[in-house]
Amino acid sequence: MVRDINVENLQDLANRLRIQCIKATEASKSGHPTSCSSMAEIMSVLFFHTMRYKVSAPRDLSSDRFVLSKGHAAPILYAAWAEAGLFPTSELLNLRKLDSDLEGHPTPRLNFIDVGTGSLGQGLSVSAGMAYVGKNFDKANYRVYCLIGDGEAAEGSIWEALHFASYYKLDNLCAIFDINRLGQSEPTSLQHNMEVYRKRLEAFGFNALVVDGHDVEELAKAFHEAQNTKGRPTAILAKTYKGKYFPTIEDQENWHGKPLGNKANEVIQHLTGMLKNPGPLGLHPQKPLVDDVSVVDVNNIKLASPPNYKLGEQVATRLAYGTALVKLAKNNSRVIALDGDTKNSTYAEKIKTVDPSRFIEGFIAEQNVVGVAIGAACRDRTVAFVSAFATFFTRAFDQIRMGAISQTNVNFVGSHCGVSIGEDGPSQMGLEDIAMFRTIPGSTVFYPADAVATERAIELAANTKGICFIRTSRPATAVIYKNEEPFVIGKGKVVKSSAKDQVLVIGAGVTLYEALKAADELSKVGINIRVIDPFTIKPLDAQLIVKNAKEVGGRVITVEDHYAEGGLGEAVLSAVALERNVVVKKLAIPEVPRSGPPTALLDKYGISSNKIVAAVQEILKL
């Protein structure tokens, strides 16, 4: 049975939320009051009837989760928490002010927000990640609610997430579609064709419930049914109206993202007149929690055993990633891996040897895989590693940059980077990935050269805040570091040097080996070069590079299996920009490459040992 529903009070509360949103957006002279209004009853029922949470501890481990995928409706989320008693409603008037955490779209600067939203179409993937952890790892009673706008339902990432949630039978997930008919610039494609929505959601395996989104009793019954539906997730398809109960504005175009201006007082008076009980409502949002989530420790995670390789042994760094993942997973039960059907190439599948349940197959839906990982890492429930061919992360760049806004700690491992993958050709070659991840605020970008460095990079990433990217290679490369070699973020290695060095060459991954080959060739003609392995491209060991550049007379060559823009070379250029008498010659992939044998491609595109030799001879003439 549905718990007793105080219809009158819940409706009053919905209208109070509307009033607060109008006041907040008037104070900021910006915002989305009409978008908030369409979901007022949904928020009223969720926060004051259905959800279990603690106002005193918004991120309590056992509480239900709520994700506002429709992030532009942030004012009504803030208003709901204020009405629940988390902070004074007067604070809502600070919406969008520079010194206020009540930003235009939700971010985890606020203690009741798990993830940043606002770039549309991402909330359901994150929610699916939370629900997956709740069902399969925490094995807990908490539920996950995600509110989605009908406009953003056009995003492919929403449908990727629907498929994932249905495939994994996430019956602890409830997707709520606020179908208010109007987008930003014109009506949505389906408008109020509720039957099409219902058929689509059912086809994706959801328990699809069409409701009047402004009927609190109908909503409460739908949420109750969702809680009692087993074996599949539920989608509540709420037919609503933008600007509901706003006279002359309701269901009208051209009101998206606009405060009400000179109509605000009139609308507030109308809504105030609708209140049945203008005083305290006596609604208590806090329902008893089932305190069934244990605290887990995801700090100070170490490899179960140190690297175990022989110098000179040929090992692909992508394989070393799989080995390191196994070692971390043995030592911590919350280390998980996700992949999009490339697990036998990235070697993420090796984690299955520790525990098959610790691997999440996301299939070929990289945007959703990234979103799921962000959700899985929320509230420090897991340490997530997401692997793919490095180039395929580019299609999920928006999810990754939103991950940074969400303060996530997800680790990304990109294999098959550069022309060194060979015959598969340019569509499979990660050539933009370093540039992409370098732009992410707070990110750490690892580019380990050998198996020893890779294992340590994975270990470091597991313990590093923010987004980490580890670039791994397809070809096998020689082990050049001893097993006990220490590695530190932001500290490079001088791998070859002499007192007579005339040029500094900086390579990473496969190009480090090309640089070492070039050094051997040049030594035959009496030219000595110094070779540095940066280990991390961000942060770069600028101090090491500047010191060694000066010691060889200021001549530097960078060589990278990456496009010229945004990679290793430009990181080095930034590091030496203020240094007098330092010149940098950059070797990188200059154009869209072709298929071919790896060695031939390295030579054709100017990053082979032969080309390094030529570059050294040229720079010595300057």
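Residues numbered from 1 in each chain as written. Predicted model: local features only at pLDDT ≥ 70, side-chain atom pairs only at ≥ 80, totals over all residues. Heavy atoms only, no water.

K.L.:
Please clarify how helix α7 (residues 194–203) should be interpreted in this entry.
P.N.:
Because an α-helix completes one turn every 3.6 residues, residues spaced three or four positions apart along the sequence face the same direction. All of the buried residues along α7 are Met194, Tyr197 and Leu201. Buried residues of α7, seen end-on, are gathered within an arc of 60 degrees and therefore sit on one face of the element. Counted as exposed and oriented over 90 degrees from the buried face of α7: Lys199 and Ala203. Among the structural elements, α6 (156–167), β3 (173–179), β4 (207–212) and β5 (234–239) are those in contact with the buried residues of α7. (Buried < 20%, exposed > 50% of the residue type's maximum accessible area, 1.4 Å probe, protein only. Helix = DSSP H or I, 4+ residues; strand = E, 2+ residues; numbered from the N terminus. Arc of directions from axis to C-beta. Contact = heavy atoms within 4.5 Å.)

K.L.:
Hey, could you run me through the pairing of strand β10 (residues 411–415) in this one?
P.N.:
Strand residues, when the strand is regular, have side chains that alternate between the two faces of the sheet. Among the five residues of β10, five are classified as buried, and the element is accordingly described as predominantly covered. Residues Asn411, Val413 and Ser415 of β10 are buried on one face, and the alternating residues Phe412 and Gly414, pointing to the opposite face, are buried as well. One ladder, built from five bridges, connects strand β9 (residues 383–389) with β10; its direction is parallel. Considered in β10, the bridge of serine 387 is made with valine 413. Between the parallel pair β9 and β10, the chain is carried across by helix α13 (residues 397–405), and the sense of this crossover is right-handed. By the bridge criterion, four bridges tie β10 to strand β12 (residues 468–471) in an arrangement that is parallel. (Pairing = 2+ DSSP bridges. Right-handed = clockwise from strand over helix to strand, strands pointing away.)

K.L.:
When you look at the sheet that holds strand β1 (residues 65–68) in this model, what are you seeing that I'm missing?
P.N.:
Neighbouring strands of a sheet are bound in pairs by backbone hydrogen bonds; such pairs are parallel or else antiparallel. Overall, parallel pairing links the five strands, which are arranged β1-β2-β3-β5-β4 in an open sheet. Edge strands, defined here as strands with exactly one partner in the open sheet, are β1 and β4. Taking each pair of neighbouring strands and ignoring which way they run, the sheet shows an average axis angle of 20 degrees. In this structure, β4 lies alongside β5, joined through six bridges in parallel fashion. Across the sheet, residue valine 211 finds its bridge partner in β5, namely alanine 238. The sheet contacts of α7 involve β3, β4 and β5, and relative to β5 the element is tilted by about 175 degrees. (Axes fitted to C-alpha atoms, helices over the stretch in contact; angles between N-to-C directions.)

K.L.:
What is the right way to read the UniProt feature "domain: Transketolase-like pyrimidine-binding" (unreviewed entry) in the chain from this model?
P.N.:
Feature annotation in UniProt assigns "domain: Transketolase-like pyrimidine-binding" (unreviewed entry) to the following positions: residues 315–479. Helix makes up 35% of residues 315–479 and strand 19%. Its end C-alpha atoms lie 7 Å apart. (UniProt positions renumbered as here; feature names shortened; annotations may be inferred.)

K.L.:
Looking at this model, I keep getting lost on the side chain of serine 420. Mind explaining?
P.N.:
Here serine 420 lies in the loop between β10 and α14 (433–438). With sequence-adjacent residues up to four places away left out, serine 420 is seen in contact with Pro475, Val510, Asp561 and Pro598.

K.L.:
What should I look at first to understand unusual backbone geometry in this one?
P.N.:
Most peptide bonds take the trans configuration, and most residues that are not glycine carry a negative phi. Going from lysine 538 to proline 539, the amide bond is cis rather than trans, its omega being -5 degrees. Residue position: proline 539 is located in the loop between β17 (536–538) and α17 (542–551). A positive phi angle is found at aspartate 341, which is not glycine, with a value near 65 degrees. Within the secondary structure layout, aspartate 341 lies in the loop between β7 (335–339) and α11 (343–346). Positive phi outside glycine occurs at phenylalanine 535, with the angle close to 65 degrees. For phenylalanine 535, the location among the structural elements is in the loop between β16 (529–533) and β17.

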